[in-house]
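Single-letter residue listing:
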Amino acid sequence: MTTILLALITGCASEGVEEGEWLPGGETTNTLLLGGNAFLMPSQNLEPEDEQDFYSGNSFFNLSWVEAPASTDARDGLGPLFNARSCSGCHFRDGRGAPPDDGAAPLAGLLIRLSVDGPDGPEPDPIYGGQLQDLANPGVPVEAIPSITWTAIDERYPDGTPYRLTAPSYHLEQPGYGPLPAGLMISPRVAPQMIGLGLLEAIPEDRIAELSDPGDADDDGISGRIQRSGGVVGRFGWKGEAADVPHQVAGAFAGDMGLTSALVPADDCTDAQTACRDEPDGGVPEIDGDVFELVALYSRAVAPPVRRAADSEVVLLGKALFKDAGCALCHVPSHTTGASPLSALEDQLIWPYTDLLLHDMGEGLADGRPVGEASGREWKTPPLWGLGLIEDVSGHTRFLHDGRARSLEEAVLWHGGEARDSRDAFANLHADERRALLSFLEDL
Amino acid sequence: MRYLPLLALALTLGCNSKDRSGLEDTALSWPDNTEAAVLNYTAIVEATYADSLAAAETLNAALEALASAPSQAALDDARTSWLDSREPYLQTEVFRFYDGPIDNPDDGPEGLINAWPMDEHYVDYTIDDPATGIVNSDEPIDAGSLEELNESGGEANIATGYHAIEFLLWGQDLSDTGPGDRPFTDYVTDSSGTATNQDRRGLYLTTAGGLLAGHLSQVHEQWTPGADYRTRFEADPQTGFEKALTGMIILSGFETGGERLQAALDSKSQEDEHSCFSDNTHRDMIQDIQGVQNVWVGSYGSINGVGLRDVVSEVDAALAGAVDDRIAESLSLANALQPPFDQEIAAGSAGNARVEALIVSLRAQEELLFEVFEVFGLAVTIPE
């Protein structure tokens, strides 16, 4: 016992608060507003002109878009098919979306991607497109009425403590444009949070490459793979489908709100959906270049929040356990950013807890829908910064790609595939230690 | 791992490096007048909502009169009542942004009261589509269905509230020189009426008016003396102070400066203004800032007591003075905007410079208020 104690004390220096750890976003970190407003703040080191643009971009992010033509012609063009009327409709207060507790439509905050098998691999459905839109302008049929039901999975920790996981099933009823095709692949995804996106964008590709290990050459059980989008590292979206912030923003405008931009000049209406195709548009493109730039800047510059108790004993213990369990092999704690279109985001030591790589997460979490380099079992490691504030910001504690986990604890327990060993290490901990690890996650 | 207690001990011994670089270490002793300021604040909140409710009830009477006996005089009267009802309501916008009764995520009705922009087609005819909107459909028009049509967790709402009523009173603003010009005959139900579904339009108008008063009442109720929310708010003056300040900060920079002014300029769209049908947006700016000043100095109507500035003054008189001057400057610049606001933001207009000046002042205002935040050690942690 004494040897262990000694070993712990001497080895302990690495378990203290590390240099810069209090400020997960480096100099951008929001140290001013927490609680429900924790994800609203601009990066604190923005140049004054950029800060002005941030507030303007915030306006276009928050306010509703309306059907064209409208008096407010800078804000029209919504739909004809859409999932939400505004960015903040799903990314409310820049937080995360969640499935509705009753699983009933409309699924505000959760959307469903679609694909079918094609000659060269998965492709959008010829009629329903690449995403299911469950809202529409008057006179245009919605694509379907989606709903969710859950099945309970009751299990026990090795120490006998019971827990319950809830596995979702998705139902698409009343398809509006003919029967849904056999073999339709679906992928439900909640809206991710908006903090630190420009920082993630500025992590150098070399860094991501050096963390990848597709063949598990170092034999640590982890085989992170790079997603590619347009030839470049894909790093936004649940499977890393978008290479950079502008592509993510343009894709979301088009797919989620039916708003076209120069980068993505078509919405998700297919030629077969004539009711949709026949509706007036709000201009070509509907989002003009200046407005798009403002939303892109805004999306890059939302500040990650400060740590609240990085030096508390329980949190530090949790951090040590997190690393011991191997969680940090995919949830890589820190990086230094390189070049960015926003100078304020450059050369920052950041703590997002992600390697931005694709990992096989096991059968339980698989959506069976490959995208780019990602198989039907792979997901890109999401960042963990901000986890503890989701409850205040978004009013729920739902985690993972479709919000199936009703707590951080459940989220950990769902980890499978490459993460199975780490999940088991967590499950094998003493109850107080599990609590400590979760306290660490709650402080991020 | 059975050695948890030893592990904890080891960590305590070895690992407690407080690397708080960049964060203030404040051990502020709160001024004695903090509680008085918070009690005065809650009194101001209650009074401002009470006035808003009263004005909404006057508005309702005018809307009923218009719907039941449409005439030019009745329409003018309803429009005047609408404009009057905005004056107190806009001064309540500073009470937003801390999940209080007006905007808590569970049942705060702010989106049902003041959402913008309005989806015109959704409600009534427009110049390009004479048959669109709930008014011209078979949808039931009653309080329950209108509310339901707006429901979509976290989403901005589009069919109720001040701006829906504004649209029904003025119609789209299709002119460069004045507001919307809806004829009173849109409400006339005999054959001399204009447009269609005049009876439904009248019903929509009065239903929306009733909803508005109901929502304002719901919020006002929670700020009356003895109400649960007010009691809890007053029981914790330091948090109350912080919330009052948070509302001032976010309204100054994000909302008025950013969403309403900067975005309007950037959109280069004439109608990108909150009260676009009535061309009343300049009052929105002025009264939003007035609300901030009310809270800062501690007065509204007949209430004149300890303001946030008096608390700040105890700790940093120079900072309090700087904020005094800055808010006064913002108010003065807001008053210098030349109505109609849509001409001020029109591309290339001389008004652009006036709007810019106001934006700059509001941003500076927000910066100063953040300094207050820091001086009081409110940065970093909020005890929720």
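What counts, and where the lines are drawn
Residues numbered from 1 in each chain as written. Chains lettered and ligands numbered in written order. Predicted model: local features only at pLDDT ≥ 70, side-chain atom pairs only at ≥ 80, totals over all residues. Heavy atoms only, no water. Helix = DSSP H or I, 4+ residues; strand = E, 2+ residues; numbered from the N terminus. Rg over C-alpha atoms; globule rule 2.2 N^0.38 Å. Buried < 20%, exposed > 50% of the residue type's maximum accessible area, 1.4 Å probe, protein only. Contact = heavy atoms within 4.5 Å. Areas by Shrake-Rupley, 256 points an atom, 1.4 Å probe, with all protein chains shown as cover. Disulfide = S-S within 2.5 Å. Axes fitted to C-alpha atoms, helices over the stretch in contact; angles between N-to-C directions. Parallel < 35°, antiparallel > 145°, perpendicular 65-115°, else oblique. Left-handed = near helix turned anticlockwise from the far one by under 90°. Core = buried A, V, L, I, M, F, W, Y, C linked by side-chain atoms within 4.5 Å. Salt bridge = Lys/Arg side-chain N within 4 Å of Asp/Glu carboxyl O. Arc of directions from axis to C-beta. pLDDT = per-residue confidence, 0-100.

(A) Fine view of the overall build of chain A. Of the regular secondary structure elements, chain A holds 13 helices and 14 strands. Its C-alpha atoms give chain A a radius of gyration of 22 Å, near enough to 22 Å, the size a compact globule of 444 residues would have. Seen through its principal axes, chain A has C-alpha atoms that stretch 80 × 50 × 40 Å. Split into buried and exposed, the 444 residues of chain A put 61% on the buried side. Counting contacts in chain A only where the partners sit at least 6 residues apart, residues at least 24 apart contribute 70% of the total. Total accessible area computed for chain A in this model is approximately 15,600 Å², and 53% of it derives from carbon and sulfur atoms.

(B) Expanded view of the overall build of chain B. Assigned secondary structure in chain B consists of 15 helices and 2 strands. Split into buried and exposed, the 384 residues of chain B put 59% on the buried side. Sequence-distant contacts, at least 24 apart, represent 75% of the contacts inside chain B between residues at least 6 apart. Accessible surface for chain B amounts to roughly 14,000 Å². Of this, 49% is attributable to carbon and sulfur atoms.

(C) Structural context of the state of the cysteines. Residues and elements named next belong to chain A. Within the structure shown, the criterion is met by 1 disulfide over all chains. Residue pairing for Cys269: its cysteine sulfur links by disulfide to Cys276, the two sulfurs lying 1.5 Å apart. The same class applies to Cys269 and to Cys276, which are both buried. Cys87 takes part in no disulfide bond, and the closest cysteine sulfur, belonging to Cys90, lies 9.1 Å away. Under the relative-accessibility criterion, Cys87 is labelled buried at 11%. As a non-bridged cysteine, Cys327 has Cys330 as the owner of its nearest cysteine sulfur, 9.0 Å distant.

(D) Highlighting the packing of helix α2 (residues 34–68) of chain B against helix α10 (residues 237–267) of chain B. All names here are of chain B. At a minimum axis distance of 9 Å, the contact between α2 and α10 shows a crossing angle of 55°. For the element pair α2 / α10, the angle class is oblique. The handedness of the crossing between α2 and α10 is left-handed. Of the residues in α10, those in contact with Thr34, Glu35, Val38 and Tyr41 of α2 are Pro237, Gly240, Phe241 and Ala244.

(E) Spatial organisation of the nonpolar core. Grouped together as the largest cluster of nonpolar side chains are 197 residues, with contacts concentrated most on Phe253 and Leu441 of chain A together with Leu169, Tyr204, Phe241, Leu245 and Met248 of chain B. Those residues in contact with Leu441 of chain A that sit more than four places away from it in its chain are Phe322, Leu384, Leu387, Gly388, Leu408 and Val412 of chain A. Ala264, Leu333, Leu358 and Leu362 of chain B belong to the second-largest nonpolar core, a separate cluster that totals 16 residues.

(F) Broad picture of the pattern of salt bridges. Tallied over the entire structure, the rule returns 43 salt bridges over all chains. Among the salt bridges present, the one from Glu87 of chain B reaches Arg283 of chain B, with a minimum N-O distance of 2.7 Å. Here the residue Glu87 of chain B occupies a position in helix α3 (residues 72–90), and Arg283 of chain B occupies one in helix α11 (residues 281–297), the gap between them amounting to 196 residues. Arg283 of chain B sits in the partly exposed class, given a relative accessible area of 24%. The salt bridge involving Arg309 of chain B is made with Asp310 of chain B; its shortest N-O contact spans 3.5 Å. Each of Glu18, Glu21, Arg307, Lys319, Lys323 and Asp443 of chain A takes part in a single network of salt bridges with overlapping partners.

(G) Seen up close, helix α12 (residues 420–427) of chain A. All names here are of chain A. What α12 keeps buried is the set Ser422, Arg423, Phe426 and Ala427. What you see down the axis of α12 is that its buried residues fit within an arc of 140°, all on one side. Looking at the buried residues of α12, the elements they touch are β7 (162–173), α11 (408–414) and α13 (431–443).

(H) Local environment of the confidence of the model for chain A. Taken residue by residue, chain A gives an average pLDDT of 92. The fraction at 70 or more is 97%. Taken together, the stretch residues 1–14 of chain A has pLDDT below 50 and engages in 14 contacts with residues farther than four places along the chain or on a different chain.

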